[in-house]
Amino acid sequence: MYLGLDLGTSGLRGIVVDEGGHVLAEADASVETSTPRSGWSEQVPGEWIEACQKVVTQLRKANAAAFSAVRAVGLSGHMHGATLIDKDGNALRPCILWNDTRSALEAADLDGAAGMRAITGNIVFPGFTAPKLEWVRRHEPEVFAKVSKVLLPKDYLRLWLTGEYISDVSDSAGTAWLDVDSREWSDTALEQGHMHRDQMPELVEGSAVGGQLRPEILLNWELAGPVIVAGGAGDNAAAACGIGSINEGAGFLSLGTSGVLLVAKESYAPAPETAVHCFCHAVPERWIQMGVILSATNSLNWLSRNLGQPVGALASALPDQINGPSGTTFLPYLSGERTPHNDSAIRGAFLGLDIATDPKALTQSVMEGVAFAMRDCLEALKATGTTPESLTVVGGGARSRFWLETLATVLNTRLVLPKGSEFGAATGAARLAACALRGADPAGVMTPPETAEVIVPRTELCDGYENAYQLYRQYYAALAPLSAS
(Lines give C-alpha, C1' and ligand atoms only; values in the text may rest on other atoms or scores of the structure.)
Protein backbone atom coordinates (compact mmCIF):
# COMPACT_ATOMS: atom_id res chain seq x y z
CA MET A 1 0.00 0.00 0.00
CA TYR A 2 1.02 3.59 -0.63
CA LEU A 3 0.16 6.72 1.35
CA GLY A 4 -0.31 9.94 -0.64
CA LEU A 5 -0.34 13.18 1.37
CA ASP A 6 -1.22 16.48 -0.30
CA LEU A 7 -0.78 19.63 1.77
CA GLY A 8 -3.10 22.14 0.11
CA THR A 9 -3.69 25.76 1.03
CA SER A 10 -6.96 24.98 2.81
CA GLY A 11 -5.96 21.65 4.33
CA LEU A 12 -4.21 18.31 4.08
CA ARG A 13 -5.63 15.36 2.16
CA GLY A 14 -4.47 11.78 2.56
CA ILE A 15 -5.27 8.63 0.60
CA VAL A 16 -4.19 5.01 0.86
CA VAL A 17 -3.95 3.21 -2.47
CA ASP A 18 -3.05 -0.34 -3.47
CA GLU A 19 -0.73 -1.56 -6.23
CA GLY A 20 -3.47 -1.03 -8.79
CA GLY A 21 -4.03 2.58 -7.74
CA HIS A 22 -7.41 1.90 -6.12
CA VAL A 23 -8.24 4.25 -3.23
CA LEU A 24 -8.95 2.20 -0.10
CA ALA A 25 -9.16 5.05 2.43
CA GLU A 26 -9.26 8.84 2.28
CA ALA A 27 -9.33 11.67 4.81
CA ASP A 28 -9.00 15.44 5.09
CA ALA A 29 -8.12 17.98 7.76
CA SER A 30 -8.32 21.75 7.46
CA VAL A 31 -5.54 24.28 8.00
CA GLU A 32 -6.13 27.94 8.85
CA THR A 33 -4.60 30.79 6.85
CA SER A 34 -4.05 34.18 8.46
CA THR A 35 -3.94 37.54 6.66
CA PRO A 36 -2.48 39.92 9.28
CA ARG A 37 -2.14 42.71 6.70
CA SER A 38 -3.40 43.43 3.19
CA GLY A 39 -1.51 41.26 0.74
CA TRP A 40 -0.09 39.00 3.47
CA SER A 41 -0.87 35.29 3.72
CA GLU A 42 0.64 33.01 6.36
CA GLN A 43 0.23 29.61 8.01
CA VAL A 44 1.70 28.13 11.19
CA PRO A 45 3.87 25.13 10.18
CA GLY A 46 2.98 23.23 13.34
CA GLU A 47 -0.63 23.09 12.14
CA TRP A 48 0.50 21.06 9.11
CA ILE A 49 1.79 18.39 11.48
CA GLU A 50 -1.43 18.47 13.49
CA ALA A 51 -3.42 18.08 10.24
CA CYS A 52 -1.25 15.13 9.23
CA GLN A 53 -1.83 13.43 12.57
CA LYS A 54 -5.60 13.93 12.21
CA VAL A 55 -5.59 12.55 8.67
CA VAL A 56 -3.57 9.47 9.62
CA THR A 57 -5.91 8.80 12.56
CA GLN A 58 -8.90 8.95 10.20
CA LEU A 59 -7.20 6.71 7.62
CA ARG A 60 -6.38 4.08 10.23
CA LYS A 61 -9.98 4.11 11.45
CA ALA A 62 -11.33 3.88 7.91
CA ASN A 63 -9.20 0.90 6.85
CA ALA A 64 -6.72 -0.33 9.44
CA ALA A 65 -5.64 -3.34 7.38
CA ALA A 66 -4.80 -1.25 4.33
CA PHE A 67 -2.96 1.38 6.34
CA SER A 68 -0.87 -1.22 8.17
CA ALA A 69 0.44 -2.40 4.79
CA VAL A 70 1.81 1.03 3.79
CA ARG A 71 5.41 0.69 2.58
CA ALA A 72 5.98 4.09 0.96
CA VAL A 73 4.76 7.67 1.40
CA GLY A 74 4.50 10.37 -1.24
CA LEU A 75 4.30 14.09 -0.45
CA SER A 76 2.75 16.95 -2.39
CA GLY A 77 2.26 20.51 -1.27
CA HIS A 78 1.49 24.10 -2.18
CA MET A 79 4.58 25.65 -3.67
CA HIS A 80 6.79 28.68 -2.91
CA GLY A 81 6.09 28.88 0.83
CA ALA A 82 9.03 30.14 2.91
CA THR A 83 9.37 28.00 6.03
CA LEU A 84 12.37 29.31 7.96
CA ILE A 85 14.14 26.82 10.24
CA ASP A 86 16.69 27.49 12.98
CA LYS A 87 19.70 25.34 13.88
CA ASP A 88 17.54 23.18 16.17
CA GLY A 89 14.97 22.38 13.46
CA ASN A 90 12.29 24.75 14.75
CA ALA A 91 10.22 27.15 12.64
CA LEU A 92 11.29 30.75 13.26
CA ARG A 93 8.07 32.42 12.15
CA PRO A 94 4.82 31.59 10.31
CA CYS A 95 5.31 30.36 6.76
CA ILE A 96 4.86 33.07 4.11
CA LEU A 97 2.61 31.49 1.47
CA TRP A 98 2.50 31.41 -2.31
CA ASN A 99 -0.26 34.03 -2.55
CA ASP A 100 1.49 36.55 -0.29
CA THR A 101 2.48 39.69 -2.23
CA ARG A 102 4.41 41.68 0.40
CA SER A 103 7.75 41.08 -1.36
CA ALA A 104 6.85 42.78 -4.65
CA LEU A 105 9.77 45.24 -4.40
CA GLU A 106 12.22 42.49 -3.49
CA ALA A 107 10.94 40.36 -6.38
CA ALA A 108 11.46 43.21 -8.83
CA ASP A 109 15.00 43.72 -7.57
CA LEU A 110 15.85 40.04 -7.92
CA ASP A 111 14.15 39.79 -11.31
CA GLY A 112 16.38 42.59 -12.56
CA ALA A 113 19.57 41.02 -11.17
CA ALA A 114 22.10 39.75 -13.69
CA GLY A 115 21.39 36.23 -14.94
CA MET A 116 18.34 35.47 -12.79
CA ARG A 117 15.87 34.84 -15.62
CA ALA A 118 18.47 32.90 -17.60
CA ILE A 119 19.23 30.64 -14.62
CA THR A 120 15.72 30.09 -13.29
CA GLY A 121 13.83 30.22 -16.60
CA ASN A 122 11.19 32.41 -14.94
CA ILE A 123 10.25 35.87 -13.85
CA VAL A 124 10.96 36.22 -10.14
CA PHE A 125 7.35 36.62 -8.97
CA PRO A 126 6.50 38.10 -5.55
CA GLY A 127 5.00 34.74 -4.57
CA PHE A 128 8.27 32.85 -5.13
CA THR A 129 10.45 31.90 -2.18
CA ALA A 130 13.61 33.94 -2.82
CA PRO A 131 12.00 37.40 -2.60
CA LYS A 132 10.31 36.39 0.65
CA LEU A 133 13.74 35.77 2.20
CA GLU A 134 14.89 39.15 0.91
CA TRP A 135 11.85 40.72 2.60
CA VAL A 136 12.71 38.97 5.86
CA ARG A 137 16.34 40.12 5.55
CA ARG A 138 15.22 43.73 5.16
CA HIS A 139 12.31 43.81 7.61
CA GLU A 140 13.05 41.05 10.16
CA PRO A 141 16.86 40.95 10.30
CA GLU A 142 16.89 39.24 13.69
CA VAL A 143 14.91 36.33 12.16
CA PHE A 144 17.03 36.24 8.99
CA ALA A 145 20.20 35.94 11.06
CA LYS A 146 18.89 32.71 12.63
CA VAL A 147 17.89 30.98 9.37
CA SER A 148 19.71 27.65 9.17
CA LYS A 149 17.49 26.05 6.50
CA VAL A 150 14.65 27.12 4.23
CA LEU A 151 12.05 24.45 3.54
CA LEU A 152 8.99 24.36 1.30
CA PRO A 153 5.75 23.42 3.08
CA LYS A 154 5.66 19.70 2.18
CA ASP A 155 9.35 19.42 3.10
CA TYR A 156 8.65 20.71 6.59
CA LEU A 157 6.28 17.77 6.88
CA ARG A 158 9.10 15.56 5.57
CA LEU A 159 11.42 16.91 8.27
CA TRP A 160 8.92 15.83 10.91
CA LEU A 161 8.36 12.45 9.22
CA THR A 162 12.00 11.60 8.50
CA GLY A 163 14.28 14.00 10.36
CA GLU A 164 15.96 14.89 7.05
CA TYR A 165 16.34 18.09 5.05
CA ILE A 166 15.36 16.99 1.53
CA SER A 167 13.31 18.49 -1.29
CA ASP A 168 12.46 17.53 -4.86
CA VAL A 169 13.31 19.46 -8.02
CA SER A 170 9.72 20.24 -9.12
CA ASP A 171 8.87 22.07 -5.88
CA SER A 172 12.31 23.67 -5.65
CA ALA A 173 11.97 25.09 -9.17
CA GLY A 174 9.54 27.64 -7.71
CA THR A 175 12.05 29.12 -5.28
CA ALA A 176 14.04 31.21 -7.83
CA TRP A 177 17.19 29.56 -6.46
CA LEU A 178 17.21 26.55 -8.80
CA ASP A 179 18.90 26.19 -12.18
CA VAL A 180 15.80 24.68 -13.76
CA ASP A 181 17.67 23.33 -16.79
CA SER A 182 20.34 21.45 -14.82
CA ARG A 183 17.96 20.68 -11.89
CA GLU A 184 20.53 21.84 -9.29
CA TRP A 185 20.80 24.72 -6.85
CA SER A 186 22.41 27.76 -8.46
CA ASP A 187 25.14 29.39 -6.39
CA THR A 188 24.72 32.55 -8.48
CA ALA A 189 20.97 32.78 -7.82
CA LEU A 190 21.52 32.07 -4.13
CA GLU A 191 24.16 34.78 -3.87
CA GLN A 192 21.83 37.29 -5.54
CA GLY A 193 19.38 36.63 -2.72
CA HIS A 194 21.98 36.71 0.07
CA MET A 195 21.61 32.98 0.66
CA HIS A 196 24.05 30.09 0.46
CA ARG A 197 23.91 26.43 -0.49
CA ASP A 198 24.18 24.99 3.03
CA GLN A 199 20.83 26.65 3.85
CA MET A 200 19.19 24.55 1.13
CA PRO A 201 17.88 20.97 1.49
CA GLU A 202 19.35 18.07 -0.47
CA LEU A 203 17.70 17.63 -3.88
CA VAL A 204 16.20 14.42 -5.33
CA GLU A 205 13.87 13.62 -8.20
CA GLY A 206 10.22 13.29 -7.21
CA SER A 207 10.14 9.59 -8.08
CA ALA A 208 13.33 8.83 -6.10
CA VAL A 209 13.71 7.95 -2.41
CA GLY A 210 13.72 11.04 -0.19
CA GLY A 211 14.04 9.62 3.32
CA GLN A 212 12.49 7.01 5.61
CA LEU A 213 9.91 7.35 8.37
CA ARG A 214 11.50 7.84 11.79
CA PRO A 215 11.18 4.96 14.29
CA GLU A 216 8.88 7.11 16.46
CA ILE A 217 6.49 7.63 13.55
CA LEU A 218 6.54 3.91 12.69
CA LEU A 219 5.70 3.09 16.30
CA ASN A 220 2.89 5.64 16.58
CA TRP A 221 1.36 4.61 13.25
CA GLU A 222 1.91 0.89 13.96
CA LEU A 223 3.80 0.31 10.72
CA ALA A 224 6.45 -2.27 10.04
CA GLY A 225 9.58 -0.56 8.75
CA PRO A 226 11.29 0.43 6.72
CA VAL A 227 8.79 2.80 5.10
CA ILE A 228 10.37 5.09 2.53
CA VAL A 229 9.29 8.63 1.68
CA ALA A 230 9.50 9.61 -1.99
CA GLY A 231 10.91 12.91 -3.16
CA GLY A 232 7.37 13.98 -3.99
CA ALA A 233 6.36 17.11 -5.86
CA GLY A 234 4.89 20.56 -5.85
CA ASP A 235 1.12 20.39 -6.04
CA ASN A 236 0.77 21.05 -9.77
CA ALA A 237 3.47 18.59 -10.83
CA ALA A 238 1.90 16.04 -8.48
CA ALA A 239 -1.52 16.63 -10.03
CA ALA A 240 0.04 16.12 -13.46
CA CYS A 241 1.37 12.75 -12.25
CA GLY A 242 -2.06 11.94 -10.87
CA ILE A 243 -3.77 12.39 -14.24
CA GLY A 244 -0.93 11.04 -16.38
CA SER A 245 0.35 14.32 -17.85
CA ILE A 246 4.04 13.51 -18.19
CA ASN A 247 4.58 13.25 -21.97
CA GLU A 248 4.97 16.09 -24.45
CA GLY A 249 1.79 18.12 -24.87
CA ALA A 250 -0.29 16.33 -22.22
CA GLY A 251 -1.99 18.98 -20.11
CA PHE A 252 -4.65 19.88 -17.61
CA LEU A 253 -6.66 22.81 -16.34
CA SER A 254 -7.02 22.99 -12.56
CA LEU A 255 -9.87 24.95 -11.00
CA GLY A 256 -8.72 25.05 -7.39
CA THR A 257 -8.04 27.95 -5.04
CA SER A 258 -5.76 29.17 -7.80
CA GLY A 259 -6.20 28.37 -11.48
CA VAL A 260 -3.53 26.49 -13.41
CA LEU A 261 -3.16 25.61 -17.08
CA LEU A 262 -0.29 23.12 -17.29
CA VAL A 263 1.34 21.29 -20.20
CA ALA A 264 4.11 18.69 -19.90
CA LYS A 265 7.30 19.12 -21.93
CA GLU A 266 10.05 16.66 -22.85
CA SER A 267 12.59 19.47 -23.09
CA TYR A 268 13.39 22.63 -21.18
CA ALA A 269 11.36 25.47 -22.73
CA PRO A 270 11.64 28.71 -20.75
CA ALA A 271 9.80 31.85 -21.87
CA PRO A 272 9.91 34.25 -18.91
CA GLU A 273 8.89 37.23 -21.03
CA THR A 274 5.41 35.68 -21.33
CA ALA A 275 5.04 35.19 -17.53
CA VAL A 276 4.58 31.46 -18.24
CA HIS A 277 6.17 29.35 -15.51
CA CYS A 278 8.73 26.76 -16.60
CA PHE A 279 9.52 24.27 -13.84
CA CYS A 280 11.02 20.82 -13.51
CA HIS A 281 8.47 18.02 -13.62
CA ALA A 282 8.34 15.48 -10.79
CA VAL A 283 9.83 12.75 -13.00
CA PRO A 284 13.31 12.78 -14.58
CA GLU A 285 13.96 14.44 -17.94
CA ARG A 286 10.60 16.18 -18.00
CA TRP A 287 9.57 19.80 -17.45
CA ILE A 288 6.28 21.65 -17.23
CA GLN A 289 5.01 24.93 -18.62
CA MET A 290 2.10 26.55 -16.86
CA GLY A 291 0.09 29.71 -16.62
CA VAL A 292 -1.16 30.55 -13.14
CA ILE A 293 -3.93 32.83 -11.90
CA LEU A 294 -4.11 33.51 -8.18
CA SER A 295 -7.89 33.39 -7.61
CA ALA A 296 -10.01 30.75 -9.36
CA THR A 297 -12.48 29.03 -7.01
CA ASN A 298 -11.23 31.51 -4.44
CA SER A 299 -13.12 34.17 -6.42
CA LEU A 300 -16.33 32.19 -5.98
CA ASN A 301 -15.53 31.69 -2.29
CA TRP A 302 -15.10 35.46 -1.95
CA LEU A 303 -18.48 36.07 -3.60
CA SER A 304 -20.08 33.45 -1.35
CA ARG A 305 -18.80 35.13 1.81
CA ASN A 306 -19.98 38.55 0.74
CA LEU A 307 -23.42 37.45 -0.45
CA GLY A 308 -23.92 35.18 2.56
CA GLN A 309 -24.86 32.23 0.35
CA PRO A 310 -23.06 28.87 0.07
CA VAL A 311 -20.94 28.30 -3.03
CA GLY A 312 -23.07 25.30 -3.95
CA ALA A 313 -26.27 27.37 -3.87
CA LEU A 314 -24.73 30.07 -6.07
CA ALA A 315 -23.45 27.55 -8.62
CA SER A 316 -26.66 25.51 -8.73
CA ALA A 317 -28.70 28.62 -9.53
CA LEU A 318 -27.06 28.63 -12.98
CA PRO A 319 -28.28 26.31 -15.75
CA ASP A 320 -26.17 23.46 -17.11
CA GLN A 321 -25.85 25.12 -20.51
CA ILE A 322 -24.52 28.56 -21.34
CA ASN A 323 -26.43 30.95 -23.61
CA GLY A 324 -24.01 33.84 -24.02
CA PRO A 325 -21.83 36.09 -21.87
CA SER A 326 -23.04 38.22 -18.99
CA GLY A 327 -23.38 41.97 -19.32
CA THR A 328 -21.20 42.32 -16.22
CA THR A 329 -17.43 41.78 -16.30
CA PHE A 330 -15.50 40.48 -13.29
CA LEU A 331 -11.74 40.89 -12.94
CA PRO A 332 -10.57 38.09 -10.60
CA TYR A 333 -7.49 39.90 -9.32
CA LEU A 334 -8.31 39.59 -5.61
CA SER A 335 -4.65 38.97 -4.72
CA GLY A 336 -2.96 40.48 -7.77
CA GLU A 337 -2.09 38.34 -10.77
CA ARG A 338 0.73 36.23 -12.19
CA THR A 339 0.21 35.10 -15.79
CA PRO A 340 0.40 37.08 -17.99
CA HIS A 341 0.63 40.36 -16.05
CA ASN A 342 3.01 39.77 -13.11
CA ASP A 343 1.04 42.50 -11.34
CA SER A 344 0.91 42.37 -7.54
CA ALA A 345 -0.87 45.75 -7.30
CA ILE A 346 -3.92 45.07 -9.50
CA ARG A 347 -7.12 44.26 -7.63
CA GLY A 348 -10.48 42.81 -8.59
CA ALA A 349 -13.52 44.63 -9.91
CA PHE A 350 -17.05 44.27 -11.21
CA LEU A 351 -17.74 46.44 -14.24
CA GLY A 352 -21.06 46.97 -16.00
CA LEU A 353 -23.25 46.57 -12.91
CA ASP A 354 -26.81 47.83 -13.24
CA ILE A 355 -29.99 47.94 -11.20
CA ALA A 356 -31.05 44.48 -12.40
CA THR A 357 -27.80 42.72 -11.44
CA ASP A 358 -28.59 39.94 -8.95
CA PRO A 359 -26.59 37.13 -7.24
CA LYS A 360 -27.14 34.83 -10.23
CA ALA A 361 -25.67 37.41 -12.61
CA LEU A 362 -22.75 38.05 -10.27
CA THR A 363 -22.00 34.32 -10.09
CA GLN A 364 -22.04 34.01 -13.87
CA SER A 365 -19.76 37.05 -14.11
CA VAL A 366 -17.27 35.55 -11.63
CA MET A 367 -17.13 32.26 -13.53
CA GLU A 368 -16.64 34.11 -16.81
CA GLY A 369 -13.95 36.34 -15.33
CA VAL A 370 -11.98 33.30 -14.19
CA ALA A 371 -12.45 31.76 -17.65
CA PHE A 372 -11.11 34.94 -19.29
CA ALA A 373 -8.09 34.87 -16.96
CA MET A 374 -7.46 31.25 -17.98
CA ARG A 375 -7.71 32.39 -21.62
CA ASP A 376 -4.92 34.86 -20.85
CA CYS A 377 -2.85 31.88 -19.67
CA LEU A 378 -3.65 29.92 -22.83
CA GLU A 379 -2.62 32.84 -25.03
CA ALA A 380 0.65 33.13 -23.10
CA LEU A 381 1.34 29.42 -23.64
CA LYS A 382 0.54 29.78 -27.33
CA ALA A 383 3.13 32.54 -27.54
CA THR A 384 5.77 29.97 -26.54
CA GLY A 385 4.64 27.58 -29.28
CA THR A 386 2.55 25.36 -26.98
CA THR A 387 -1.06 24.82 -28.13
CA PRO A 388 -2.85 21.95 -26.36
CA GLU A 389 -5.52 20.17 -28.38
CA SER A 390 -7.45 19.21 -25.25
CA LEU A 391 -7.14 19.66 -21.50
CA THR A 392 -8.15 17.38 -18.64
CA VAL A 393 -10.07 19.33 -15.98
CA VAL A 394 -9.51 18.82 -12.25
CA GLY A 395 -10.34 20.73 -9.07
CA GLY A 396 -13.47 21.72 -7.21
CA GLY A 397 -14.66 24.07 -9.95
CA ALA A 398 -15.01 21.12 -12.32
CA ARG A 399 -18.26 20.20 -10.53
CA SER A 400 -20.07 23.07 -12.28
CA ARG A 401 -21.24 22.13 -15.77
CA PHE A 402 -21.99 25.78 -16.52
CA TRP A 403 -18.41 26.75 -15.65
CA LEU A 404 -16.97 23.90 -17.75
CA GLU A 405 -18.98 24.87 -20.81
CA THR A 406 -17.98 28.51 -20.31
CA LEU A 407 -14.31 27.52 -20.15
CA ALA A 408 -14.46 25.24 -23.19
CA THR A 409 -16.07 28.00 -25.24
CA VAL A 410 -13.83 30.84 -24.02
CA LEU A 411 -10.70 28.71 -24.58
CA ASN A 412 -12.13 27.15 -27.76
CA THR A 413 -10.59 23.90 -26.51
CA ARG A 414 -12.03 20.47 -25.70
CA LEU A 415 -12.13 19.74 -21.98
CA VAL A 416 -11.87 16.15 -20.78
CA LEU A 417 -13.56 15.08 -17.55
CA PRO A 418 -11.81 12.05 -16.03
CA LYS A 419 -13.81 9.12 -14.73
CA GLY A 420 -13.74 8.67 -10.98
CA SER A 421 -13.25 11.09 -8.14
CA GLU A 422 -9.60 10.68 -7.16
CA PHE A 423 -7.00 11.86 -9.64
CA GLY A 424 -5.41 14.92 -8.07
CA ALA A 425 -2.18 15.74 -6.27
CA ALA A 426 -2.66 13.11 -3.54
CA THR A 427 -2.90 10.42 -6.24
CA GLY A 428 0.21 11.83 -7.90
CA ALA A 429 2.04 11.70 -4.56
CA ALA A 430 1.01 8.06 -4.07
CA ARG A 431 2.19 7.23 -7.61
CA LEU A 432 5.57 8.84 -6.89
CA ALA A 433 5.78 6.70 -3.73
CA ALA A 434 5.15 3.58 -5.82
CA CYS A 435 7.91 4.55 -8.26
CA ALA A 436 10.35 5.23 -5.41
CA LEU A 437 9.65 1.91 -3.69
CA ARG A 438 9.65 -0.30 -6.77
CA GLY A 439 12.08 1.63 -8.94
CA ALA A 440 9.34 1.57 -11.56
CA ASP A 441 9.40 3.52 -14.81
CA PRO A 442 7.07 6.52 -14.26
CA ALA A 443 5.64 6.03 -17.76
CA GLY A 444 4.10 2.75 -16.62
CA VAL A 445 2.68 4.27 -13.42
CA MET A 446 1.57 7.78 -14.45
CA THR A 447 -1.20 6.61 -16.78
CA PRO A 448 -4.22 8.80 -17.58
CA PRO A 449 -7.63 7.91 -16.12
CA GLU A 450 -10.56 6.80 -18.23
CA THR A 451 -12.60 9.59 -19.80
CA ALA A 452 -16.05 10.20 -18.35
CA GLU A 453 -17.09 12.97 -20.72
CA VAL A 454 -15.72 15.50 -23.19
CA ILE A 455 -17.01 19.09 -23.02
CA VAL A 456 -16.77 20.74 -26.43
CA PRO A 457 -16.88 24.47 -27.21
CA ARG A 458 -20.26 25.96 -28.11
CA THR A 459 -19.05 27.17 -31.49
CA GLU A 460 -22.19 29.21 -32.18
CA LEU A 461 -21.39 31.28 -29.06
CA CYS A 462 -17.63 31.64 -29.53
CA ASP A 463 -17.86 35.07 -31.20
CA GLY A 464 -19.90 36.50 -28.34
CA TYR A 465 -17.47 35.23 -25.72
CA GLU A 466 -14.54 36.44 -27.82
CA ASN A 467 -15.97 39.95 -27.78
CA ALA A 468 -16.50 39.73 -24.02
CA TYR A 469 -12.90 38.54 -23.57
CA GLN A 470 -11.54 41.47 -25.56
CA LEU A 471 -13.59 43.84 -23.36
CA TYR A 472 -12.12 42.08 -20.29
CA ARG A 473 -8.60 42.76 -21.61
CA GLN A 474 -9.46 46.43 -22.18
CA TYR A 475 -10.74 46.76 -18.62
CA TYR A 476 -7.43 45.43 -17.25
CA ALA A 477 -5.46 47.85 -19.45
CA ALA A 478 -7.58 50.74 -18.16
CA LEU A 479 -7.47 49.80 -14.45
CA ALA A 480 -3.85 48.65 -14.11
CA PRO A 481 -2.36 52.18 -14.13
CA LEU A 482 -4.87 53.28 -11.48
CA SER A 483 -3.95 50.31 -9.22
CA ALA A 484 -0.25 51.03 -9.63
CA SER A 485 -0.75 54.62 -8.48
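Shown above is the structure to which this text applies.
Residues numbered from 1 in each chain as written. Predicted model: local features only at pLDDT ≥ 70, side-chain atom pairs only at ≥ 80, totals over all residues. Heavy atoms only, no water.

For the protein chain, the count of helices and strands is 18 helices and 24 strands. Over its C-alpha atoms the protein chain spans a radius of gyration of 21 Å, differing by no more than 12% from the 23 Å that the globule rule assigns to 485 residues. Overall size of the protein chain, expressed as C-alpha extent along the three principal axes, is 65 × 50 × 45 Å. Across the 485 residues in the protein chain, those meeting the buried criterion constitute 60%. (Helix = DSSP H or I, 4+ residues; strand = E, 2+ residues; numbered from the N terminus. Rg over C-alpha atoms; globule rule 2.2 N^0.38 Å. Buried < 20%, exposed > 50% of the residue type's maximum accessible area, 1.4 Å probe, protein only.)

Across the interface, helix α11 (residues 235-242) lies against helix α16 (residues 425-438) with an axial gap of 6 Å and an inter-helix angle of 75°. Between α11 and α16, the angle falls in the class roughly perpendicular. The segment α11 lies against α16, with Asp-235, Ala-238, Ala-239, Cys-241 and Gly-242 engaging Ala-425, Thr-427, Gly-428, Ala-429, Arg-431 and Leu-432. In terms of residue class, the contact of α11 with α16 is made up of six nonpolar, three polar and two charged. (Axes fitted to C-alpha atoms, helices over the stretch in contact; angles between N-to-C directions. Parallel < 35°, antiparallel > 145°, perpendicular 65-115°, else oblique. Contact = heavy atoms within 4.5 Å. Nonpolar A, V, L, I, M, F, W, Y, C, P; charged D, E, K, R; others polar.)

Looking now at the environment of Pro-448. For Pro-448, the location among the structural elements is in the loop between α17 (442-445) and β24 (451-455). Sequence separation between Pro-448 and Ile-246 is 202 residues, and the spatial gap between their C-alpha atoms is 9.5 Å.

By the secondary structure assignment, Thr-392 is in strand β22 (residues 390-394). Among the residues examined, Thr-392 registers a relative accessible area of 16% and is labelled buried.

Attention now goes to the sheet that holds strand β16 (residues 251-255). On the basis of which strands lie adjacent, the open sheet formed by seven strands has the order β18-β19-β17-β16-β22-β23-β24 and mixed pairing. Each edge of the open sheet carries a strand with a single partner, namely β18 (277-280) and β24. Mean inter-strand twist for the sheet, computed between neighbouring axes without regard to direction, equals 30°. Here four bridges tie strand β23 (residues 414-418) to β24, and the two strands are oriented antiparallel to one another. (Pairing = 2+ DSSP bridges.)

What follows is about the pattern of salt bridges. This structure, assessed with the given rule, holds 30 salt bridges. We note a salt bridge from Asp-88 to Lys-87, for which the minimum N-O separation is 3.6 Å. On the basis of relative accessible area, Asp-88 is assigned to the exposed category, the value being 55%. Taking relative accessible area as the criterion, Lys-87 reaches 70% and is therefore assigned exposed. Among the salt bridges present, the one from Arg-158 reaches Asp-155, with a minimum N-O distance of 2.9 Å. (Salt bridge = Lys/Arg side-chain N within 4 Å of Asp/Glu carboxyl O.)

With 14 residues, α16 should reach 20 Å at 1.5 Å per residue; the first-to-last C-alpha distance of 20 Å fits that figure. Among the 14 residues of α16, 12 are classified as buried, and the element is accordingly described as predominantly covered. Of all the residues in α16, the buried ones are Ala-425, Ala-426, Thr-427, Gly-428, Ala-429, Ala-430, Arg-431, Leu-432, Ala-433, Ala-434, Cys-435 and Ala-436. Just downstream of α16 lies Gly-439, where phi reads positive at about 65°. (Expected span 1.5 Å × (residues − 1).)

Tallied over the full model, the rule gives 15 aromatic pairs. Centre to centre, the rings of Trp-160 and Trp-221 are 6.4 Å apart; their planes meet at 65°, and the pair counts as edge-to-face. Taken together, the residues span a long stretch of sequence, with Trp-160 in helix α7 (residues 153-162) and Trp-221 in helix α10 (residues 215-221) at a distance of 61 residues. The class of Trp-221 is buried, set by a relative accessible area of 6%. (Phe/Tyr/Trp six-rings, centres within 6.5 Å; stacked < 30°, edge-to-face > 60°.)

The next point concerns the nonpolar core. If you look at the biggest cluster of nonpolar residues, it comprises 73 residues, and the most contacted ones within it are Leu-84, Leu-133, Val-150, Trp-177, Met-195, Leu-432 and Met-446. The element contributing the most residues to this core is α16, with eight residues. In this structure Leu-432 touches Gly-206, Ser-207, Ala-230, Gly-232, Ala-233, Cys-241, Ala-282, Val-283 and Met-446, once residues within four positions along its chain are discounted. Counting 51 residues, the second largest nonpolar core, distinct from the first, contains Val-276, Tyr-333, Leu-351 and Val-393. (Core = buried A, V, L, I, M, F, W, Y, C linked by side-chain atoms within 4.5 Å.)

Before going further, it helps to spend a moment on the pairing of β23. Within β23, four of the five residues are buried, which leaves the element mostly enclosed by the surrounding structure. Sheet topology places β22 next to β23; three bridges connect them, and they run parallel. Paired with Leu-391 across the bridge in β23 is Leu-415. For the segment spanning β22, helix α15 (residues 401-411) and β23, crossover handedness is right-handed. (Right-handed = clockwise from strand over helix to strand, strands pointing away.)

With that settled, consider the packing of helix α1 (residues 45-62) against α7. As a packed pair, α1 and α7 sit with axes 10 Å apart at the nearest point and diverge in direction by 65°. Our classification of the angle between α1 and α7 gives roughly perpendicular. α7 is crossed by α1, and the crossing has right-handed handedness. Of α7, the residues touching α1 (which contributes Pro-45, Gly-46, Trp-48, Ile-49, Cys-52 and Gln-53) are Pro-153, Tyr-156, Leu-157 and Trp-160. Across the contact of α1 with α7, the residue classes tally to eight nonpolar, two polar and no charged. (Left-handed = near helix turned anticlockwise from the far one by under 90°.)

Relative to the assigned elements, Gly-77 resides in strand β5 (residues 72-77). For Gly-77, a relative accessible area of 0% translates into the label buried. A sequence separation of 158 residues divides Gly-77 from Asp-235, and the C-alpha atoms of the two residues are 4.9 Å apart. Gly-77 has contacts with Asp-6, Leu-7, Lys-154, Ala-233, Gly-234 and Asp-235, leaving out every residue within four places of it along the chain.

All right, on to the side chain of Thr-83 then. On the secondary structure map, Thr-83 appears in strand β6 (residues 83-85). Residue classification places Thr-83 among the buried positions, given a relative accessible area of 0%. With near-sequence residues (within four places) excluded, Thr-83 lies in contact with Pro-45, Trp-48, Cys-95, Lys-149, Val-150, Leu-151, Leu-152, Pro-153 and Tyr-156.

With respect to the element layout, Trp-135 can be found in helix α5 (residues 129-139). Along the backbone, Trp-135 and Glu-106 are 29 residues apart, and their C-alpha atoms lie at a distance of 6.3 Å.

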